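Tertiary structure, described
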Amino acid sequence: CQYKFSVPPSDPSFVVVYVDGQKIASGGDTWHYDAAQNLVQFVGGLCDRAMTTDGLLVRVRALGTM
């Protein structure tokens, strides 16, 4: 339940996660960005949902970075 960026975002506040087109806020039961490992970690209910729901579209983006 993680996504590793190939290049770190210029600002961690630019990291966003969408599930089936809906923006998901970071939090204790959704996701967080780990700058030390340069990855987004899905946690709790979001990780469970991603692992058990066929056809779920999860998009992780770093907006405003180059």
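Computed from a predicted structure; not experimentally measured.

Conventions used here
Position numbers for residues start from 1 in each chain and track the written sequence from start to end. In keeping with the predicted nature of the model, local features appear solely for residues at pLDDT of at least 70, side-chain atom pairs appear and are counted solely at 80 or more, and the whole-chain, interface and lining totals rest on all residues. Calculated side-chain values reflect all of the structure's heavy atoms, with hydrogen atoms and water omitted. Defined by distance alone, a disulfide is two cysteine sulfur atoms within 2.5 Å. Only DSSP runs of H or I reaching four residues or more are called helices, and only runs of E reaching two or more are called strands; each is numbered from the N terminus. Here, the term nonpolar core denotes a set of buried Ala, Val, Leu, Ile, Met, Phe, Trp, Tyr and Cys residues that are joined through side-chain atoms within 4.5 Å. Only protein chains enter the accessibility calculation, which uses a 1.4 Å probe; a residue whose area is less than 20% of its type maximum is buried, one above 50% is exposed, and one in between is partly exposed. Any pair of residues with heavy atoms lying within 4.5 Å of one another is described as a contacting pair.

As a further point, take the state of the cysteines. Put plainly, a disulfide is one covalent bond tying together the sulfur atoms of two cysteines. According to the stated counting rule, one finds one disulfide in the structure shown. The side chain of cysteine 1 participates in a disulfide bridge whose partner is cysteine 47; the two sulfur atoms lie 1.8 Å from each other. Between cysteine 1 and cysteine 47, the disulfide has an S-S torsion of 85° and is therefore right-handed. Placement of the pair is cysteine 1 in the segment before strand 1 (2-4) and cysteine 47 in helix 1 (residues 44-52), with a sequence separation of 46 residues.

A separate point is the nonpolar core. Counting 13 residues, the largest nonpolar core has Val17, Trp31, Val40 and Phe42 as the members making the most contacts within it. Among the elements that make up this core, the one with the highest residue count is strand 2 (residues 15-19) (three residues). Those residues in contact with valine 40 that sit more than four places away from it in its chain are Cys1, Gln2, Tyr3, Phe5, Val15, Val17, Trp31, His32, Tyr33 and Val60.

The analysis is restricted to geometry; functional conclusions fall outside its scope.
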